[in-house]
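Fold and contact review
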Amino acid sequence: MVNKKIEKLLANVQKPGRYVGGELNCVRKHADEVDVRFAFCFPDIYEVGMSHLGLKILYSQLNTVPYVWCERVFAPWVDMEEEMRKNGLPLYALESGDSIRDFDIIGFTLQYELSYTNILNMLDLAGIPLKAEDRHSLSQLVVAGGPCACNPEPLADFFDLFFIGEGEEVDLEVVALYREYKKQDRSKEEFLKAASQIQGVYVPSLYHISYHEDHTVKAIVPKEGAPLPVKKRIMMDVDKSYFPDKFVVPYIEIVHDRTVAEVLRGCIRGCRFCQAGFLYRPFREKSVDVIDRQCHDLCDSTGYDEISLSSLSTSDHSRLNELIDRLHTWTEKENTGISLPSLRVDNFSPELMSKIKSVRRSGLTFAPEAGTQRLRDVINKNVTEEELMKTVNTAFKGGWTTIKLYFMIGLPTETLDDVAGIAELGQKVVDAFYANPDKPKGKGVKVTVSASSFVPKPFTPFQWEPQDTMETLRKKQRHLVASVKTRKVEPNWHEADTSFLEAVFARGDRRLCGVLLEAHRSGCKMDGWQNFFSFPKWMEIFERCGIDPAFYANRRRSFDEVLPWDHIDYGIKKSFLIDECKKAYANVTTPNCREQCSSCGASCFKGGICYEKRQGLV
Ligand code: SF4
Ligand code: SF4
């Protein structure tokens, strides 16, 4: 809630609605009636952070605990930051307007590597010492979770602890422990030592990292009884895991401005580039009854007229048609739309199409990821050209005329022929439209082929792979454009330089903490926003710090090298990832978890798809 001091600044900034709080369903408590004040910080602007499902879940869940008050904090846009610094206003939480400097726990969610400088900038704007070793008391405990916490090392100096895996249980356990230690006036060191014993908690200061002369990691040694490895936490019964019945409804338009229902966690596929697919194993579905109830509650409490059925691969839900039929029993009456953000090429059926079409029609997006079958086999995409053509023909028959296809360039073993294959596949989709007797009358077709640059990520079979140099990526991008023959196919791509930086920090080690600090001091922030990202500036910073970024991005690692994240355990065996990498080079695919278990290791969590009957088996 804004106070006079904040209000004074709002006339000078764009979109003041980002900074005022007080929205429908936001949680207000009395600071003096709670024991733990938790600042949930999203290191990007309001519109991005408010669209994030993890924030909605953890914000609501923490606030169900009577002794906790969790508030939201976003990175202010540069105009507001300037006003705040000019007027001596520290970073504040939206619900109370209080400076987060006075909070007990400051928690960040790590969604993408290019937000790391925003984290330091937010701490600085709050007046909180950036390095964990400079924060001595138990208050101002700085913690983080989210997918990028799988390799926390480039941020190790700044955080007191990281949550590894899914947060719903472990967050509450840490907060309860914090409350106990705060009441007993115990030290931060005592608390961290105790917290490190909770499964899913990583305390970086309790691990010593040594390096070889060639800068590769020599050893990771735990201290004071800290566990090795640190095992992820996971919610096995997703029907019973906490899900809010209310979301905060923003005053201003946000990126995903709708109700979001989570239908499943994990993915049955094993695309070899996909970090999320491995981090969230095993695949776990929510039941139709639970999803239906949650959607209804959320629509009632927020007033939204659109539900997005969210997950890594929604069309893999085994009872999707039944779910949509069930939702239709009330969404049609209430004129509420249903959208499926992630559709697979190989299971978009006429039946499914008619169900989503009956309520609302949006452009269709599919991700073949690679332009040729050979390369799709390398990455284990398990999608054929025939399936893609069948799918787009279904879509054209159904009246769709805009298709977006997502690809990656720079994948392991890729040649220029594979890149040209992207344009050719786009052209085949265009040709299929004109050859289709049931195409929508009097309309043209537009096919966008969107190519991002491949970034090798930890905990994937490609974690040892070099990223293509920026020069090679740019050459491939030019080749893609040159390979497009008609204006019906529209190529687009992302700049290679941001992907390079992403690759550096995704597989970095603790030596990068110094680089991040220097980047912050040099004014780097909002690096995910093209207008602010300065590649030459970053290169100067690496040079000043004596760090070669290509060592992290473009170097092939050997299978026996100690990786900076080797002490973190997501349940996937390293031997499985090595086998998958070798199979990629042999163009051999691996079946999905529903067809056959490939013994990746995730059955150690004792549930989900690992314990279900396989298709075709009795
Ligand atoms: S289908 Fe492939 S790319 Fe999509 S979430 Fe699953 S593993 Fe990842
Ligand atoms: S153990 Fe088998 S079924 Fe379970 S996630 Fe791994 S490959 Fe899939």
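For the structure itself, consult the block above.
Quick summary incoming for the structure in this document.

What the chain contains, in helices and strands, is 20 helices and 19 strands. The C-alpha atoms of the chain give a radius of gyration of 24 Å, which matches the 25 Å a tight globule of 618 residues would have. Considering only C-alpha atoms, the chain reaches an extent of 75 × 65 × 55 Å along its principal axes. Per-residue burial over the chain gives 60% buried out of 618 residues. Restricting to contacts in the chain with at least 6 residues of sequence separation, those with at least 24 account for 77%. Accessible surface computed for the chain: about 24,300 Å², of which carbon and sulfur atoms make up 50%. Mean positive and mean negative side-chain charge positions of the chain (81 and 87 charges, respectively) differ by 3 Å.

On to the site of ligand 2, then. Close to ligand 2 lie Arg281, Cys593, Cys597, Ser598, Ser599, Cys600, Ala602, Ser603, Ile609, Cys610 and Arg614, which account for all nearby residues. When grouped by side-chain class, the residues that make up the shell around ligand 2 number six nonpolar, three polar and two charged.

Locating Cys545 in the fold gives a position in helix α18 (residues 535-545). Between the C-alpha atoms of Cys545 and Ala31, which are 514 residues apart in sequence, the distance is 43 Å. Look past the residues within four positions of Cys545 in its chain and what remains in contact with it is Gly514, Val515 and Glu518.

What follows concerns the packing of helix α5 (residues 116-126) against helix α17 (residues 512-521). Their axes nearest at 9 Å, the elements α5 and α17 cross at an angle of 60 degrees. Handedness of the crossing formed by α5 with α17: right-handed. On the side of α5, the interface is formed by Tyr116, Thr117, Leu120, Asn121 and Asp124, while α17 contributes Leu516, Leu517, Ala519 and His520.

With five of five residues buried, strand β4 (residues 141-145) is to be regarded as a mostly interior element. Here β4 shows a buried face lined by Leu141, Val143 and Gly145 and a second buried face lined by Val142 and Ala144. Two strands pair when backbone bridges link them, and strand β3 (residues 105-109) and β4 are joined in this way by five bridges, in the parallel orientation. Paired with Ile106 across the two strands is Val142, which belongs to β4. Handedness of the crossover joining β3 and β4 through α5: right-handed.

For ligand 1, the full set of nearby residues is Cys267, Arg269, Cys271, Phe273, Cys274, Leu312, Arg344 and Lys381. The class makeup of the residues in the shell around ligand 1 is five nonpolar, no polar and three charged.

This next bit is on the sheet that holds strand β18 (residues 489-493). An order of β15-β16-β17-β18 is seen for the four strands of this open sheet, with the pairing classed as parallel. In this open sheet, the two edge strands, each paired with only one partner strand, are β15 (364-369) and β18. Looking at each pair of strands side by side, their axes are set apart by 25 degrees on average, direction ignored. Where β15 meets strand β16 (residues 402-409), four bridges bridge the pair, whose relative direction is parallel.

Our next topic: the packing of aromatic side chains. By the definition in use, this model includes 22 aromatic pairs. The interplanar angle of 45 degrees and the centroid separation of 5.1 Å between the aromatic rings of Phe159 and Phe162 together place this pair among those described as tilted. Neither residue differs from the other here; Phe159 and Phe162 are each classed as buried. Ring plane angle 90 degrees and centroid distance 5.0 Å describe the contact between Phe551 and Tyr552, whose orientation is recorded as edge-to-face. The exposure class of Tyr552 is buried, given its relative accessible area of 1%. Ring pairs connect the aromatic residues Phe108, Phe159, Phe162, Tyr202 and Tyr207, which therefore count as one cluster. The ring of Tyr181 has Arg186 sitting right over it, with the charged end atom 4.3 Å from the ring centre. Between the NZ or CZ atom of Arg511 and the centre of the ring of Tyr211, over which it lies, the distance is 5.9 Å.

For the rest of this paragraph, the subject is the nonpolar core. Buried together is how nonpolar side chains tend to be arranged in soluble globular proteins. One finds Ile100 and Phe191 to be the most contacted residues of the largest nonpolar core, which totals 132 residues. Top contributing element to this core by residue count: α5, with seven residues. In contact with Ile100, other than residues within four places in its own chain, are Ala39, Cys41, Val73, Leu91, Tyr92, Ala93, Ile106, Ala126 and Ile128. Listed in part, the 53 residues of the second largest apolar core include Leu264, Phe396, Leu405 and Ile609.

Thresholds applied
Residues numbered from 1 in each chain as written. Chains lettered and ligands numbered in written order. Predicted model: local features only at pLDDT ≥ 70, side-chain atom pairs only at ≥ 80, totals over all residues. Heavy atoms only, no water. Helix = DSSP H or I, 4+ residues; strand = E, 2+ residues; numbered from the N terminus. Rg over C-alpha atoms; globule rule 2.2 N^0.38 Å. Buried < 20%, exposed > 50% of the residue type's maximum accessible area, 1.4 Å probe, protein only. Contact = heavy atoms within 4.5 Å. Areas by Shrake-Rupley, 256 points an atom, 1.4 Å probe, with all protein chains shown as cover. Lys, Arg positive; Asp, Glu negative; His and termini not counted. Charge placed at Lys NZ, Arg CZ, Asp CG, Glu CD. Near = heavy atom within 4 Å. Nonpolar A, V, L, I, M, F, W, Y, C, P; charged D, E, K, R; others polar. Axes fitted to C-alpha atoms, helices over the stretch in contact; angles between N-to-C directions. Left-handed = near helix turned anticlockwise from the far one by under 90°. Pairing = 2+ DSSP bridges. Right-handed = clockwise from strand over helix to strand, strands pointing away. Phe/Tyr/Trp six-rings, centres within 6.5 Å; stacked < 30°, edge-to-face > 60°. Lys NZ or Arg CZ within 6 Å of the ring centre and 35° of its normal. Core = buried A, V, L, I, M, F, W, Y, C linked by side-chain atoms within 4.5 Å.

Shape descriptors only; they carry no functional weight alone.
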